[in-house]
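# A structural walkthrough
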Amino acid sequence: MGALTRERDVREAYAAHSGELYGFAVRSLGDAGLAEEAVQETFLRAWKAGDRFDPEIGSLRTWLFAILRNVVIDLGRARAARPRVAEGGVEPSVEPLEQALLAWQVEEAMRRIGEDHRRVLLETHFRARPYSEVAEELGVPEGTIKSRVYYGLRALRVALEEMGYED
Amino acid sequence: MRTEDHRDWKLSLGAYALGDLPADERAAVAAHLEGCEECRAELCSLEGVAALLPLADPDRIEGPAVRPPADLGARIEAQIAAESAREGRVRRRRRFRLGVGGAVAAAAVAAVLAIAILPLGGGESSPAQQVKFASLPNGVSIDATLEPHAFGTEIEMYVSGVRSGTLCRVFLRDAQGRTYSAGSFRYRWGADSHAQLSSALDLSQAKVVGVHAGNRTFTAPVDQATALIGGADFDAT
Ligand SMILES: [Zn+2]
């Protein structure tokens with residue numbers, strides 16, 4: 001228990017997770033300055049509530065992302081409230097944020113897989129280019145493109161699982 | 001079926017899961033899947049990932065790596081060190097007050113702490129009290145400590161989870177429902193969000209402490225009974 005109550009623990013947690021937390025904060029807030037604030041507030045809250053973190057229940061990473069999620073919601077509210085009062089006073093929905101987190105995780109997983117696999121998935125699937133065209137561009141047989149798509153998807157699954165994904 | 005055939009089919013499953021196979025190949029893979037349990041299981045594990053791909057934005061994947069500024073870690077550490085030092089101070093003060101106010105039970109502690117109490121110029125008969133804000137919305141947390149003084153009541157308040165820039169107006173209310181302002185502060189992200197406030201109402205007369213935070217109001221009862229025995233160390237939350 002109390003895995004984040006000492007300042008040294010915070011330093012270790014920061015070293016291990018700040019990149020991802022910041023990446024997601026930028027992705028969901030669309031602003032580097034706000035993302036910095038969000039990450040700073042996240043570690044501060046984590047440290048203040050450090051004795052409530054129980055490694056038996058979940059990973060530190062998951063816990064930090066849960067805090068960041070709340071911080072991002074708060075920051076989003078603050079921003080939404082500034083220019084005008086929301087019509088009907090509806091609270092911003094949580095759904096787009098969950099989606100943003102998922103989207104960011106997929107993008108991050110894509111960055112983590114090998115360059116060959118990423119390239120082929122980007123060209124054939126995201127850019128919808130024919131396998132033959134991509135094969136010619138890369139100077140490999142068409143069958144190689146197909147197998148790279150297959151191994152790329154498998155690698156993507158592993159990368160997502162490392163981030164806590166399960167289906 | 002020959003093993004190498006099966007392997008070939010399997011390598012098509014990525015394109016199949018993504019819906020990127022031409023119609024004729026697609027039909028052939030589907031026919032193989034009918035009779036091959038292993039390929040069906042493999043397809044199943046690929047389909048979940050394939051379904052997530054449309055969420056991703058290819059430009060973001062290829063864009064420059066997003067990294068936090070090099071000094072962000074140091075800034076966070078500095079802020080935590082400052083908070084830590086300040087909290088240490090508050091906790092020590094509260095322990096000392098337990099020594100003063102908690103007469104019998106804390107006699108031994110008081111003896112140990114006697115030297116430390118003196119510089120704080122104790123002498124107050126009722127100790128600081130931490131109040132409890134119940135049923136706060138998810139994500140919002142408010143802590144307040146009330147301390148009696150000759151001028152009235154000192155209130156130390158910590159707020160988090162409201163939006164940055166929110167004006168927080170703090171007040172005390174007496175038994176007749178009269179409100180005594182204790183001043184205001186603005187909650188800022190990342191900044192030290194503990195505010196020191198004071199009200200003219202004597203702590204012994206206070207029934208409620210509250211804060212208007214933006215358009216919401218949160219209150220907590222002041223317990224006159226525990227005002228006299230409270231002030232215990234509340235490190236445990
Ligand atoms: Zn098969």
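Residues numbered from 1 in each chain as written. Chains lettered and ligands numbered in written order. Predicted model: local features only at pLDDT ≥ 70, side-chain atom pairs only at ≥ 80, totals over all residues. Heavy atoms only, no water.

Turning next to the packing of helix H1 (residues 7–29) of chain A against helix H2 (residues 32–48) of chain A. When two helices pack together, their arrangement is given by the angle between the helix axes and by the axis-to-axis distance. Residue and element names in this part refer to chain A. Where H1 contacts H2, the two axes come as close as 9 Å, and the packing angle between them is 140°. Taken together, the axes of H1 and H2 lie oblique to each other. For the element pair H1 and H2, the recorded crossing hand is right-handed. Here Val10, Ala13, Tyr14, Ser18, Leu21, Tyr22, Ala25, Val26 and Leu29 of H1 come into contact with H2, specifically with Ala32, Leu34, Ala35, Glu36, Ala38, Val39, Phe43 and Trp47. For the contact of H1 with H2, the per-class residue count stands at 15 nonpolar, one polar and one charged. (Axes fitted to C-alpha atoms, helices over the stretch in contact; angles between N-to-C directions. Helix = DSSP H or I, 4+ residues; strand = E, 2+ residues; numbered from the N terminus. Parallel < 35°, antiparallel > 145°, perpendicular 65-115°, else oblique. Left-handed = near helix turned anticlockwise from the far one by under 90°. Contact = heavy atoms within 4.5 Å. Nonpolar A, V, L, I, M, F, W, Y, C, P; charged D, E, K, R; others polar.)

Moving on, we come to the sheet that holds strand S5 (residues 179–186) of chain B. Residue and element names in this part refer to chain B. The four strands lie next to each other as S5-S4-S7-S8, forming an open sheet whose pairing is antiparallel. Whereas interior strands pair on both sides, the edge strands pair on one side only; in this sheet they are S5 and strand S8 (216–221). Each neighbouring strand pair of the sheet contributes to a mean axis angle of 20°, computed without reference to strand direction. Pairing geometry for strand S4 (residues 167–174) and strand S7 (residues 206–213), over seven bridges, is antiparallel. From the neighbouring strand, Leu172 faces S7, where its bridge partner is Val209. (Pairing = 2+ DSSP bridges.)

The next subject is the packing of helix H5 (residues 115–126) of chain A against helix H7 (residues 142–162) of chain A. Residues and elements named next belong to chain A. Direction vectors running N to C along H5 and H7 enclose 110°, while the axes themselves pass 8 Å from each other. Between H5 and H7, the interaxial angle falls into the category roughly perpendicular. Here Asp116, His117, Val120, Leu121 and Thr124 of H5 come into contact with H7, specifically with Ile145, Arg148, Val149, Tyr151, Gly152 and Leu153. For the contact of H5 with H7, a count of residues per class yields six nonpolar, three polar and two charged.

Grouped together as the largest cluster of nonpolar side chains are 38 residues, with contacts concentrated most on Met110(A), Leu153(A), Leu156(A), Leu160(A) and Leu13(B). Going through the elements one at a time, helix H4 (95–112), H5, helix H6 (131–138) and H7 of chain A together with helix H1 (3–17), helix H2 (23–35) and helix H3 (37–52) of chain B are the ones with two or more residues in this core. With seven residues, the single largest contributor to this core is H7(A). Among the nonpolar cores identified, the runner-up in size contains 35 residues, and Tyr22(A), Val26(A), Leu44(A) and Ile73(A) belong to it. (Core = buried A, V, L, I, M, F, W, Y, C linked by side-chain atoms within 4.5 Å. Buried < 20%, exposed > 50% of the residue type's maximum accessible area, 1.4 Å probe, protein only.)

This part covers the pattern of salt bridges. Taken as a whole and judged by the stated rule, the model has 26 salt bridges over all chains. Of the charged contacts in the structure, one is a salt bridge between Glu133(A) and Arg129(A), with a shortest N-O distance of 2.8 Å. Judged by its relative accessible area of 19%, Arg129(A) falls in the buried class. Its salt-bridge partner being Arg157(A), residue Glu161(A) comes within 3.0 Å of it at the nearest N-O pair. Here Glu161(A) and its partner Arg157(A) are both found in helix H7, four residues apart, which amounts to about one turn of the helix. It is possible to trace a salt-bridge network through shared partners that takes in Arg119(A), Glu123(A), Arg127(A), Arg129(A), Glu133(A), Glu137(A) and Glu62(B). (Salt bridge = Lys/Arg side-chain N within 4 Å of Asp/Glu carboxyl O.)

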